[in-house]
Amino acid sequence: MLETGAIWGLTGTTVTSFMFFWAIYKQYVPNHLRAYVERYFHKMIGWISYYVHIKFTEYTDEGLKRSQAYDSIRNYLASKSTALAKRLKANETKNSKSLVFSMDDHEEIEDEFEGVKVKWYSNVKVIQPQSNYGRSSSEERRYFTLSFHRRHRGMIIDTYLDHVLREGKAIGLMNRERKLYTNNTSQEWYPWRAGKWSNVPFHHPASFETLAMDPVKKEGIKKDLIKFSKGKDYYKKVGKPWKRGYLLFGPPGTGKSTMIAAIANFLDYDVYDLELTTVKDNSELKKLLLDTTSKSIIVIEDIDCSLDLTGQRKKKKEEDEEEDGEDKKEAEKKPKVDEKQSKVTLSGLLNSIDGLWSACSGEKIIVFTTNFVDKLDPALIRRGRMDNHIEMSYCKFEAFKVLAKNYLEIETHDLYGEIERKLEETDMSPADVAETLMPKSDEEDADICIKRLVKTLEDEKEKVRKLAEEEEKKKAEKEAKMKKKAEETEEKKNVEEEEKKKKAEEEENKDKSLEEEKKKKAEKKEKKEIQKKVNGA
């Protein structure tokens, strides 16, 4: 019988030999041969094993889209991990007031359902694809594995998995913290970096109650949003993807971004702020949109400025052709800015938001904002893409009353009538009105703020009048300058014609002189010949 020392020595030798041969196998056996051997090894294990294994990967569709089943399973197992797992991951939640624990990589826990015990394994696989520049970059692929006895196959597949997915989805909705996302450049699309999207918690306080807008118009928008959020079966019945487009247009400061925040808070949706200038091409745009979740708003702000995506923004000829040549030379001397590096096209954007790719996920709202709706291509904003066109106009009396209630907590004032009249006469954005109404110190009350608004409106009206006069003066000066230039051109033309006429006359007189001189020479020659003949006779 072997002694304890001999047993430990034999064990150590065996382990060392195994590690040596394993290292040789991993380093020198070709990948395709290893895959062949491992496939048959797993098949042999299956012949003698009574357990079934189901694998749930983090990404589906060749890595294009995150698996909702994986997320639901992760949420479900997180509720079991705290009490059962030996190694946990701790993640911070909103405001860092609490921690959420989940299974660490290469950890396992046991679950029981209707008397049947199953095991869940959390795994991560590191792959190292060869880059185009000869450098390798590792990539992590996570997955869960469910193991159970094969006699329970029917119950697990038909009942248990439905239970896990349903419970995991409910836990996810309960613990969900809404996010504000922004897209990263493709160089950061790796698990050890930021991924396709970076995010921060979305805590914008805007709501429809505080939004400066006509209450009737607000109520219509809210009803439209409620109808959409409950329309899953309706959209399926009519054969349309479950999405809706909103075009918000109007001058700066009229509340377009605030409207987006109010919609997100009203529907409890995430917000994806898509910056088109960082998207390399149409393929990247599709991948970014596929990586967004349902119950979300995809926003492209100032779409007329993001990229040259319209077919109508051809530069018109300058009407100011009378500009001095020096100014033009100065403009030419300025360094030319390298235009867009992005190759996203209008066609690519349209296909992403309204083509076949738009049906890959549902319950999404797409929002475009612009200050100049006339610059946008009609194909981009037609119904079916941008279903609801919402004009965000200058502040009118109904919007002012909302702002006065928000900032001053008043619903009426003696100067309301005068303010209503002045708001009809003067264009002032809700942002400017709000800033004027906001108390600047503890000593300022509602009366002071209201009077300041009246004065501001008067000043704005006077400013607009002066600007109009200046514009009229500039227009008159421009017309006078153009008239003077036309007269100078006409005078120059007349001078040129006179000079041309005079030159023609001189040429004509010269030709006549030459002709007469030629005629005189001929006559003189003829007389000499006659004289010669007479003398000869």
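Residues numbered from 1 in each chain as written. Predicted model: local features only at pLDDT ≥ 70, side-chain atom pairs only at ≥ 80, totals over all residues. Heavy atoms only, no water.

The cut-off we apply is this: UniProt positions are given in the numbering used here, feature names are shortened, and annotations may be inferred rather than shown by experiment.
An unreviewed UniProt entry annotates the protein chain as AAA+ ATPase domain of Arabidopsis suecica. What UniProt states about the protein chain under its Catalytic activity (unreviewed entry) heading is, verbatim, "ATP + H2O = ADP + phosphate + H(+)". UniProt annotates the protein chain under Sequence similarities (unreviewed entry) with the comment "Belongs to the AAA ATPase family. BCS1 subfamily."

### Things to note about the overall build of the protein chain
Our working definition: Secondary structure elements follow DSSP: runs of H or I of four or more residues count as helices, runs of E of two or more count as strands, with numbering from the N terminus. Burial status follows relative accessibility: with a 1.4 Å probe on protein chains alone, a residue under 20% of its type maximum counts as buried, one over 50% as exposed, and anything between as partly exposed. For this analysis, residues touch if any pair of their heavy atoms sits within 4.5 Å. Each accessible area is a Shrake-Rupley result for a 1.4 Å probe, and residues are judged covered by the shown protein chains and nothing else.
Regarding its fold elements, the protein chain presents 16 helices and 15 strands. Within the span of the protein chain, comprising 537 residues, buried residues form 32% of the whole. Residue pairs at least 24 apart in sequence account for 68% of intrachain contacts in the protein chain once pairs closer than 6 positions are excluded. For the protein chain, the exposed surface amounts to about 36600 Å²; the carbon and sulfur share of it is 52%.

### Some words on the nonpolar core
To keep things clear, this is the line we draw: We call a set of buried Ala, Val, Leu, Ile, Met, Phe, Trp, Tyr and Cys residues a nonpolar core when their side-chain atoms join them within 4.5 Å.
Counting residues in hydrophobic clusters, the biggest one holds 27 residues, and the most contacted among them are Phe-208, Leu-225, Met-259, Ile-263, Ile-297, Ile-365 and Val-367. Of all the elements in the fold, those that place two or more residues in this core are helix H5 (215-229), strand E11 (243-249), helix H7 (256-267), strand E13 (296-300) and strand E14 (364-370). For this core, the leading source of residues is H7, giving seven residues. In contact with Leu-225, not counting residues within four places along its chain, are Phe-208, Tyr-246, Ile-263, Phe-266, Leu-267 and Ile-365. Core analysis: the next-biggest nonpolar cluster, separate from the first, contains 26 residues, Tyr-272, Leu-274, Leu-285 and Leu-349 among them.

### Regarding the sheet that holds strand E9 (residues 179-183)
Strand pairing in a sheet is mediated by backbone hydrogen bonds. Such pairs are either parallel or antiparallel. Put simply, the rule is: For two strands to pair, DSSP has to find at least two bridges joining them. Note on geometry: axes are C-alpha line fits, over the in-contact stretch for helices, and angles between N-to-C directions span 0 to 180 degrees.
Taken together, seven strands build an open sheet; the order of strands is E10-E9-E12-E13-E14-E11-E15 and the sheet is mixed. Strands at the two margins of the open sheet, each flanked by one partner only, are strand E10 (197-201) and strand E15 (388-391). Taken pair by pair, the neighbouring strands of this sheet meet at an average axis angle of 20°, ignoring direction. Looking at chain direction, E13 and E14 are connected through five bridges and run parallel. When the bridges of E14 are listed, Val-299 appears paired with Val-367. The sheet contacts of H5 involve E11, E14 and E15, and relative to E11 the element is tilted by about 160°. Relative to the sheet, H7 contacts E11, strand E12 (270-273), E13 and E14, its axis offset from that of E14 by approximately 170°.

### Comments concerning empty space enclosed by the protein
Any empty space left between the atoms is revealed when a probe the size of a water molecule rolls over them. Note the following rule: Only protein atoms enter the 1 Å grid used here. Points where a 1.4 Å probe fits but cannot escape make up a cavity, open sets with protein on both sides within 12 Å along at least five of seven lines make up a pocket, and a residue lines them when an atom lies within 4 Å of a point. Grid points are joined across faces, edges and corners, and a volume is the space filled by probe spheres set on the points. Charged residues are taken to be Asp, Glu, Lys and Arg, nonpolar residues to be Ala, Val, Leu, Ile, Met, Phe, Trp, Tyr, Cys and Pro, and polar residues to be all remaining types, Gly included.
All told, the structure shown has one cavity of 30 Å³ or more when counted by the stated rule. Size it by volume and the largest cavity reaches roughly 160 Å³. Taken together, 13 residues make up the lining of the largest cavity; nearest its centre are Leu-289, Ser-352, Trp-357, Ser-358 and Lys-364. Residue assignment for the lining of the largest cavity shows that the elements contributing at least two residues are helix H8 (282-290), helix H11 (346-354) and E14. A per-class count over the lining of the largest cavity returns seven nonpolar, three polar and three charged.

### Side note on the UniProt feature "transmembrane region" (unreviewed entry) in the protein chain
In the numbering adopted here, UniProt assigns the feature "transmembrane region" (unreviewed entry) to residues 6-25. Measuring from the first to the last C-alpha atom of residues 6-25 gives 28 Å, for a span that is 100% helix and 0% strand.

### As for a negative patch on the surface
We count it as follows: Each patch is built from residues lacking any salt bridge and having more than 30% relative accessible area; the joining distance is 9 Å for like charges and 5 Å for nonpolar side chains (Val, Leu, Ile, Met, Phe, Trp, Tyr). We define a salt bridge as a side-chain nitrogen of Lys or Arg found within 4 Å of a carboxyl oxygen belonging to Asp or Glu. Counted as positive: Lys and Arg. Counted as negative: Asp and Glu. His and the chain ends are not counted at all. The atoms used to mark charge sites are NZ of Lys, CZ of Arg, CG of Asp and CD of Glu.
Taken together, Glu-490, Glu-496, Glu-497, Glu-498, Glu-499, Glu-505, Glu-506, Glu-507, Asp-511, Glu-515 and Glu-516 make up a surface patch of like negative charges. Residue position: Glu-498 is located in helix H16 (residues 446-536).

### Some points on the side chain of Asn-388
For Asn-388, the position within the fold is in strand E15. Dropping the residues within four chain positions of it, Asn-388 is found in contact with Asp-224, Arg-244, Gly-245, Tyr-246, Leu-247 and Arg-383.

### Re the pattern of salt bridges
Enumeration according to the criterion identifies 27 salt bridges in this entry. The partner of Lys-222 in a salt bridge is Glu-209, with the nearest N and O atoms 3.7 Å apart. Remark: Glu-209 occurs in the loop between E10 and H5 and Lys-222 occurs in helix H5; sequence separation between them is 13 residues. Of the residues examined, Glu-209 reaches a relative accessible area of 54% and is grouped as exposed. Residue Glu-462 is joined to Arg-465 by a salt bridge in which the shortest nitrogen-to-oxygen separation is 2.3 Å. Placement of the pair is Glu-462 and Arg-465 together in helix H16, with a separation of three residues, close to one helical turn. In this structure Glu-462 comes out as partly exposed when scored by relative accessible area, which is 32%. Its relative accessible area of 37% is what places Arg-465 among the partly exposed residues.

### A look at helix H14 (residues 416-425)
So the rule is basically this: Arc definition: it is the arc formed by the directions from the helix axis to the C-beta atoms.
Along H14, the positions that sit buried rather than exposed are Tyr-416, Ile-419, Lys-422 and Leu-423. The arc that holds every buried residue of H14, seen down its axis, measures 125°, which confines them to one face.

### Things to note about the side chain of Ser-296
We count it as follows: N or O atoms closer than or at 3.5 Å make up a polar contact, with two conditions inside protein: a donor-capable atom paired with an acceptor-capable one, and, for residues adjacent in sequence, both atoms drawn from side chains.
Its place among the elements puts Ser-296 in strand E13. At 2.5 Å, the side chain of Ser-296 forms a polar contact with the backbone oxygen of Thr-293. Here Ser-296 is in contact with Tyr-269, Asp-270, Tyr-272, Glu-363, Lys-364 and Ile-365, once residues within four sequence places are set aside.

### Quick word on the pairing of strand E7 (residues 116-127)
By the bridge criterion, seven bridges tie strand E6 (residues 107-113) to E7 in an arrangement that is antiparallel. Counterpart to Glu-107 in the pairing with E7 is Ser-122.

### Some thoughts on the confidence of the model for the protein chain
The cut-off we apply is this: Confidence of the predictor at the level of single residues is captured by pLDDT, which takes values from 0 to 100.
Of the residues in the protein chain, 85% have a pLDDT of 70 or more, and the chain-wide mean is 82. Below a pLDDT of 50 lies the segment residues 311-331, which in the model reaches 19 contacts outside its immediate sequence neighbourhood of four places, other chains included. When the criterion is pLDDT under 50, residues 333-340 qualifies, and its contacts beyond four places in sequence or with other chains add up to two contacts.

### Some details on the environment of Val-433
Structurally, Val-433 can be placed in helix H15 (residues 430-437). Spatially, the C-alpha atom of Val-433 lies 10.0 Å from that of Ala-212, the residues being 221 residues apart in sequence. If near-sequence neighbours (up to four positions away) are discounted, Val-433 is found in contact with Cys-395, Phe-400, Leu-403, Met-428 and Leu-453.

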